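Observations on the three-dimensional arrangement
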Amino acid sequence: MTSTPPDLTALISAIKESFACLTLGVIIATSIYGITVLQTYIYFRRYLKDSLGLKAVVGTLFVLDTATTGLMAAALYHYVVTNFDGPLETFISVTPSDMGYMYDFMFRDHSIIVLTASQIIIGFIAQCFFVQRLWYLSRNKLVVGFLLFLAIASLGTGLVIMGYLLTHTQVLALDSPVIRIPTGFAGIMSAICDIAIVIALCYYLQSGRSGFAKTDSLVDRLMMYAIQRGSLTAICQTFYVIFALVYHARLIFLPFSLVLGKLYCNTVLATLNVRQSLKEFNHSGEAMEPGSQVLRNARTQPKDLSTLEINITTSQQQTSSFTLDHRGSESKTPGFGPKNSLDNV
């Protein structure tokens with residue numbers, strides 16, 4: 001019986017691995033897209049009074065995320081249905097090398113490249129969103145400028161790579177630095193940006209502590225949310241960079257690449273939707289977010305006061321005066337005053 005040539009066995013194995021990475025990435029990304037749909041629905045149903053610009057950001061992210069999901073399905077259909085019985089050369093490029101052969105997956109269908117470019121744009125929009133929140137909170141031009149530089153560097157490099165790949169069907173080249181170096185640079189810049197945003201948010205939120213139990217509890221919650229959201233994208237970005245650089249002739253990095261944009265989209269939506277659960281800390285009844293006037297005022301309050309009086313007005317024109325001591329206990333005194341006013345906290 002004639003055995004299969006070793007190079008052909010390796011060729012078939014490379015195709016199976018590539019399809020496995022693509023299929024796994026599409027399954028996970030599609031599942032996360034379901035969360036995106038739910039969060040987008042919750043946002044537009046719950047926050048009708050948000051600015052038109054903020055709604056446009058959410059709408060843009062949702063449209064891009066929907067488009068990438070469709071492109072993922074198109075790419076998977078192209079390779080496992082349309083070209084199911086096609087020649088092996090349709091999927092894999094075989095190149096002789098000193099160590100035998102290189103097996104490079106061929107993206108003759110441009111859907112994966114286009115959806116990757118779309119996800120790069122999603123990541124940039126999400127990073128700019130958090131940088132804007134950080135600007136509201138800190139007003140530090142140096143920090144914000146540095147973060148914007150990282151985000152723009154990652155965006156520009158990523159789009160240049162995608163443009164190059166659109167004109168070169170052989171996506172992966174084992175010994176070529178044309179793809180490997182820019183890919184690593186873009187990923188590293190993006191990961192550093194995510195980590196720096198988390199650190200900066202935590203630093204400026206920490207400075208918002210006033211010594212009062214309710215304000216400090218709000219700060220703790222905001223810091224926890226910032227760390228959870230930022231670390232998720234940073235970890236995914238780090239794994240993407242590692243696998244793209246170490247195993248750049250294989251598609252092990254593809255699941256992380258397909259999921260990354262959807263994680264960015266959901267971090268923005270989660271940041272906006274969590275305001276409803278935080279509004280109990282804002283006695284005006286309005287939804288809060290990092291960088292709100294409440295936190296900025298809290299940093300200006302003297303920390304050696306034993307009590308803090310807050311006047312809260314309800315919709316029935318009735319005002320209640322709360323006195324909070326350093327333990328967070330409170331006493332209440334009814335009164336009357338103008339509608340919808342909140343003294344500095």
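Definitions and cut-offs
- Residues numbered from 1 in each chain as written.
- Predicted model: local features only at pLDDT ≥ 70, side-chain atom pairs only at ≥ 80, totals over all residues.
- Heavy atoms only, no water.
- Salt bridge = Lys/Arg side-chain N within 4 Å of Asp/Glu carboxyl O.
- Helix = DSSP H or I, 4+ residues; strand = E, 2+ residues; numbered from the N terminus.
- Buried < 20%, exposed > 50% of the residue type's maximum accessible area, 1.4 Å probe, protein only.
- Axes fitted to C-alpha atoms, helices over the stretch in contact; angles between N-to-C directions.
- Parallel < 35°, antiparallel > 145°, perpendicular 65-115°, else oblique.
- Left-handed = near helix turned anticlockwise from the far one by under 90°.
- Contact = heavy atoms within 4.5 Å.
- Nonpolar A, V, L, I, M, F, W, Y, C, P; charged D, E, K, R; others polar.

This part covers the pattern of salt bridges. Within the structure shown, the criterion is met by two salt bridges. Notably, a salt bridge pairs arginine 275 with aspartate 50, separated by 2.7 Å at the nearest N-O pair. Note that arginine 275 is positioned in helix H8 (residues 275-278) and aspartate 50 in the loop between helix H1 (6-46) and helix H2 (52-82), a separation of 225 residues in sequence. Residue arginine 275 shares its accessibility class with aspartate 50, and that shared class is buried. Between aspartate 65 and lysine 262 there is a salt bridge, with the nearest N and O atoms lying 2.8 Å from each other. Here aspartate 65, found in helix H2, pairs with lysine 262, found in helix H7 (residues 254-273); they are 197 residues apart in sequence, far enough to count as distant. According to the relative accessible area criterion, aspartate 65 is buried, its value standing at 0%. Exposure remark for lysine 262: the relative accessible area of 0% places this residue in the buried category.

To characterise two packed helices, one gives the angle between the axes of the helices and the distance between these axes. Where helix H6 (residues 213-246) meets H7, the closest approach of the two axes is 10 Å, and the angle between their N-to-C directions is 170°. Accordingly, the angle class assigned to the pair H6 and H7 is roughly antiparallel. Between H6 and H7 lies a crossing of left-handed hand. Where H6 approaches H7, its residues Arg229, Leu232, Thr233, Cys236, Gln237, Phe239, Tyr240 and Phe243 are matched on the opposing element by Phe256, Ser257, Leu260, Leu263, Tyr264, Thr267, Ala270 and Thr271. Partitioning the contact of H6 with H7 into residue classes produces 10 nonpolar, five polar and one charged.

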